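Letter by letter, the chains look like this.
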2 protein chains.
Amino acid sequence: MNNLLSLLLIFAFALSLNAQVRLEYAIVIHGGAGNISPTFISPEREKEITDKLSEALETGIGILELGGSGMDVVEKVIRILEDSPLFNAGKGAVFNHAGKNEMDASIMDGKTLNAGGVTGVGDIKNPISAARMVMEKSPHVLMMGAGASEFANANGAEIVDSGYFHTEKRWNDLQKQLANDKLEKYGTVGCVVLDKDGNLAAGTSSGGMTNKRWGRIGDVPIIGAGNYANNNSCAVSCTGHGEFFIRYTVAHDISALMQYKGLSVEEAAYEVVHNKLKPAGGSGGVICVDKHGNISMEFNSYGMMRAWANSKGEMGVKVFD
Amino acid sequence: MNNLLSLLLIFAFALSLNAQVRLEYAIVIHGGAGNISPTFISPEREKEITDKLSEALETGIGILELGGSGMDVVEKVIRILEDSPLFNAGKGAVFNHAGKNEMDASIMDGKTLNAGGVTGVGDIKNPISAARMVMEKSPHVLMMGAGASEFANANGAEIVDSGYFHTEKRWNDLQKQLANDKLEKYGTVGCVVLDKDGNLAAGTSSGGMTNKRWGRIGDVPIIGAGNYANNNSCAVSCTGHGEFFIRYTVAHDISALMQYKGLSVEEAAYEVVHNKLKPAGGSGGVICVDKHGNISMEFNSYGMMRAWANSKGEMGVKVFD
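Fair warning: this is a prediction, and the values are worked out from it, not measured in the lab.

## Let's talk about the overall build of chain A
The helix and strand tally for chain A stands at 9 helices and 13 strands. Computed over its C-alpha atoms, the radius of gyration of chain A comes to 20 Å, within 12% of the 20 Å expected for a compact globule of 321 residues. The buried share of chain A, reckoned over its 321 residues, is 61%. Relative to all contacts within chain A whose residues are 6 or more apart in sequence, the contacts with residues 24 or more apart total 69%.

This is how it looks when you write it as structure tokens:
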């Protein structure tokens, strides 16, 4: 009987150990949340989106398998999405009220809490790389406008003519928006990663709001609002109506609910997206990964374009529910 | 004996009730933290600072006594500090690398979690009022540069010539800074309030960093970093090396430690300022007030210019330790 008890105790101990074992790696990507349903997105466009998210995911997995850093994965994955006209970031950035592109991006290293961001830049091909330069090559966290472009250019970022960001779809979106302010107008891309070294990283990039005015800044470049990573808790990237994500300090709030209240990453993301943002009217979603590799992809909008994978071989790509 | 026990229980119950009784109002103001010691500040300048902080405090108390809102107090108090050349905000704003002023401000209403901010503005006399306009007269939270000025001007903010911000002291500070990067270069003003209706409000305003480049944005306009208010926890305004206050999401972290971990406002402020910021090299301080009127004024720098008062008649003004 004593032997049986010992065996049971050992089994229970092994189970409790197992609960703490972390995955080797995990990655989640988003391409924006909002009115993403078959009503608004044709099967052809759905396939283009799925293909591009898969390409970005495979690239991330490749780097992670080789033991690459979460920061490298976040930057490379987001560059792929920025280079595609399908998402509201980089090449596919929306137009502001004046018919110009004003892009935002930020990146954060969960190991060191170092972070970088750019806001209101109009000529940097890959804002996520400029954000990483701000973090790694300056004493600052956030730079704006012409100053940010000057810094990025001096540090080797690719500067492009504003014509590079001109896509027919986004230009037409602006014309529709100018005629009817009720249309969908947000969009963002993001990536969160747990790497083989156990480090978390998060990145977010956006063209902001179609038809935005007055130098409006959303949540994307704001550490703690649209983007956050902390090895003690989780990495978070947000997408949606940015003003609400700033007021609710969404990314840091999810981290704080885990660290201070003991919630799981799923519980914390659910609480903020459904019980705080939604009642306030804040539409959108979040992607998160915790230090064990658990992920969450919560949204209170119609859909969220997303892709995920981990070292157990679980993976998926979804555009609608 | 039973009667005695009953009396004791009633007494204990009354005590526990008393612990929850809130003050009618409380207010804390800061004029910046840093190398604030008799070595750097003459007795004459100390008196000027004390007088101006007292004037701002008396103005705040006057509005609070009459039942005015925390938001009105925050705006009016900060306007007084912005109009003085003694502090790094408004009139006394420091110069950037290009010899220009780029000011930041933000304000938050703890009752609604509404917030507003401006960043990189060079011609608005009172950035704190522009921040409140962004909150109350636009669907946005944060606006930058020329767009923010255009919006503020259209809404009746006082626009001034850049010469208005030229003070001999700040210009000389820039020249010294250009010659020796090690000099003190931060400064901010802020105010946090609990009003008679039980609402919390926070505001922060700054000229940023002397000699700053590349459109650098600090923590002041960033909700959750340099400024935060939430009726469920506290109101916070920060001052110090802004980059660290962004990385540590200082203002929201203090709120989260109270709300999710049950820390008092003193414990939460101490934890963030001394156990998180200080080991990382993040110099500065915070002022906080909780929903009961308890206050905290923690700093890890030499000094912090500050003033405080509450409805019990407690008050004080301090420039050094």
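Now that the structure has been shown, we can carry on.
## Let's talk about the sheet that holds strand S1 (residues 26-34) of chain B
On the basis of which strands lie adjacent, the open sheet formed by 9 strands has the order S7(A)-S4(B)-S3(B)-S2(B)-S6(B)-S5(B)-S1(B)-S12(B)-S13(B) and mixed pairing. Only two strands of the sheet have a single partner each, and these edge strands are strand S7 (216-217) of chain A together with strand S13 (315-318) of chain B.

## Quick word on the side chain of Glu82 of chain A
With respect to the secondary-structure elements, Glu82 of chain A resides in helix H3 (residues 70-82). In this structure the side chain of Glu82 of chain A is engaged in a polar contact, spanning 2.9 Å, whose partner is the side chain of Asn126 of chain A.

## A look at the interface of chain B and chain A
Taken residue by residue, the interface counts 38 residues in chain B and 38 residues in chain A. Here chain B packs against chain A, burying approximately 3,600 Å² in sum over the two surfaces, 65% of which is carbon and sulfur. Of all residues in chain B, Trp214, Arg247 and Tyr260 of chain B bury the most surface against chain A, accounting for 24% of the area lost on that side. The tally of links from chain B across to chain A stands at 0 salt bridges. For the pair chain B and chain A, the interface holds 13 residue pairs in polar contact (both at pLDDT 80 or more).

## With respect to the sheet that holds strand S10 (residues 284-290) of chain A
Across a sheet, paired strands are connected by hydrogen bonds in the backbone, their directions being either parallel or antiparallel. Residue and element names in this part refer to chain A. Strand order across the open sheet formed by 4 strands is S8-S9-S10-S11, with antiparallel pairing between neighbours. Edge strands, defined here as strands with exactly one partner in the open sheet, are strand S8 (227-229) and strand S11 (295-299). For this sheet, the mean angle separating the axes of adjacent strands, direction not counted, is 10°. Both S8 and strand S9 (residues 234-240) contribute to a ladder of 3 bridges, which runs antiparallel. The residue of S9 that forms the bridge with Asn227 is Ser237. Sitting on the sheet, helix H8 (residues 250-261) touches S8, S9 and S10, and the angle it makes with S9 is about 145°. Together, S9, S10 and S11 form the strand contacts of helix H9 (residues 265-280), whose direction differs from that of S11 by roughly 15°.

## Here's the deal with the environment of Met71 of chain B
All names here are of chain B. By the element assignment, Met71 lies in helix H3 (residues 70-82). In this structure the C-alpha to C-alpha distance between Met71 and His292, which are 221 residues apart in sequence, comes to 17 Å. Residues in contact with Met71, not counting those within four places in the same chain, are Ile107, Met108, Asp109, Arg132, Met135 and Ala201.

## Digging into unusual backbone geometry
One non-glycine residue, Asn211 of chain A, lies in the positive phi region at around 70°. With respect to the helices and strands, Asn211 of chain A occurs in the loop between strand S6 (200-206) and S7.

## Thoughts on the relation of the copies chain B and chain A
You can overlay chain B on chain A at an RMSD of 0.1 Å; the transform is a turn of 180° with a shift of 0.0 Å along its axis. Such values leave the two copies arranged in the relation of a two-fold axis. The C-alpha atom lying nearest the rotation axis in chain B is that of Tyr260 of chain B; the distance is 2.8 Å.

## Digging into the pairing of strand S11 (residues 295-299) of chain B
Side-chain direction in a regular strand flips from residue to residue, so the side chains alternate between the two faces of the sheet. All names here are of chain B. Pairing geometry for strand S10 (residues 284-290) and S11, over 5 bridges, is antiparallel. When the bridges of S11 are listed, Val286 appears paired with Glu298. The hairpin turn running from S10 into S11, its antiparallel successor, is 4 residues long, and Gly293 in that turn takes a positive phi close to 100°.

## Overview of the packing of aromatic side chains
For any pair of aromatic rings, the description rests on two quantities: the centre-to-centre distance and the angle between the ring planes. Residues and elements named next belong to chain A. For the coordinates displayed, the defined rule picks out 6 aromatic pairs over all chains. When the ring of Tyr164 is compared with that of Phe165, the centres are 5.0 Å apart and the planes differ by 85°; the resulting orientation is edge-to-face. Residue classification places Phe165 among the buried residues on the basis of a relative accessible area of 0%.

Criteria and cut-off values
Residues numbered from 1 in each chain as written. Chains lettered and ligands numbered in written order. Predicted model: local features only at pLDDT ≥ 70, side-chain atom pairs only at ≥ 80, totals over all residues. Heavy atoms only, no water. Helix = DSSP H or I, 4+ residues; strand = E, 2+ residues; numbered from the N terminus. Rg over C-alpha atoms; globule rule 2.2 N^0.38 Å. Buried < 20%, exposed > 50% of the residue type's maximum accessible area, 1.4 Å probe, protein only. Contact = heavy atoms within 4.5 Å. Pairing = 2+ DSSP bridges. Polar contact = N/O pair within 3.5 Å; in protein donor to acceptor, adjacent residues only side chain to side chain. Buried area = accessible area lost by both parts, 1.4 Å probe. Salt bridge = Lys/Arg side-chain N within 4 Å of Asp/Glu carboxyl O. Axes fitted to C-alpha atoms, helices over the stretch in contact; angles between N-to-C directions. Least-squares fit on C-alpha atoms with pLDDT ≥ 70 in both. Phe/Tyr/Trp six-rings, centres within 6.5 Å; stacked < 30°, edge-to-face > 60°.

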